[in-house]
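Descriptive analysis of the structure
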Amino acid sequence: MSGNLYQDKEGKYYVDDFQSPVPDSPSVVYRLSPPLEPDGEPDFPITCNIVITNPFTEKEKRMRWFRQDYMMLSRMQADCKYYNSAEHFNRAHCSTIKQTIESMKEIWKKFPEDLKPEWISWEEIIEYEKKFAV
């Protein structure tokens, strides 16, 4: 947590945290006290003009809603890479890897077309499925 707290024009507060919505144009910015405490009190208003030099794009704002899905898909891809590189692949784990691949397919289908991950394609997921014969 960075220690900044924004208050929008309607009086709602937003913490500068990747998970929290960031208002497009905050009207008041505060420092949290203590600065690294998630439940810190808003104090020390910053009274200078605020210019956001690198605002989130609309696509980045939409991607935030899928953050957990991206992380989970990445973890599952790492599991598949591990199984793929295992010298003596244990067929006893096929039910687990089958569930993993099914979950990967479900997650991948959730993403809108313009937010599909570039680091794994549908074809790669199908290749894993064929590799492990599930």
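Conventions we followed
- Residues numbered from 1 in each chain as written.
- Predicted model: local features only at pLDDT ≥ 70, side-chain atom pairs only at ≥ 80, totals over all residues.
- Heavy atoms only, no water.
- Buried < 20%, exposed > 50% of the residue type's maximum accessible area, 1.4 Å probe, protein only.
- Helix = DSSP H or I, 4+ residues; strand = E, 2+ residues; numbered from the N terminus.
- Arc of directions from axis to C-beta.
- Core = buried A, V, L, I, M, F, W, Y, C linked by side-chain atoms within 4.5 Å.
- Salt bridge = Lys/Arg side-chain N within 4 Å of Asp/Glu carboxyl O.

For the rest of this paragraph, the subject is helix α4 (residues 122–131). Among the residues of α4, Ile125, Ile126, Tyr128 and Glu129 are the ones counted as buried. Considered in projection along α4, the buried side chains sweep an arc of 155° and stay on one side of the axis. Facing away from the buried surface of α4 by more than 90 degrees, the exposed residues are Glu123, Glu127 and Lys130.

What follows is about the nonpolar core. Membership of the largest hydrophobic core comes to 17 residues, with the highest contact counts inside it found for Leu73, Cys80, Ile101, Met104, Ile120, Tyr128 and Phe132. Counting residues per element, the ones that place at least two in this core are α2 (67–85), α3 (94–110) and α4.

The next subject is the pattern of salt bridges. Scanning all chains against the criterion turns up 6 salt bridges. Here Arg62 makes a salt bridge to Asp114, at a shortest N to O gap of 2.8 Å. With Arg62 in helix α1 (residues 58–63) and Asp114 in the loop between α3 and α4, the pair connects residues that are 52 residues apart, well separated along the chain. The class of Asp114 is partly exposed, set by a relative accessible area of 39%. As a salt-bridge pair, Lys105 and Glu129 come within 2.9 Å of each other at their nearest N and O atoms. Of this pair, Lys105 sits in helix α3 while Glu129 sits in helix α4, and the two are 24 residues apart along the sequence. Overall, the relative accessible area of 14% leaves Lys105 in the buried class. Residues joined by salt bridges that share partners form a network here, namely Glu102, Lys105 and Glu129.

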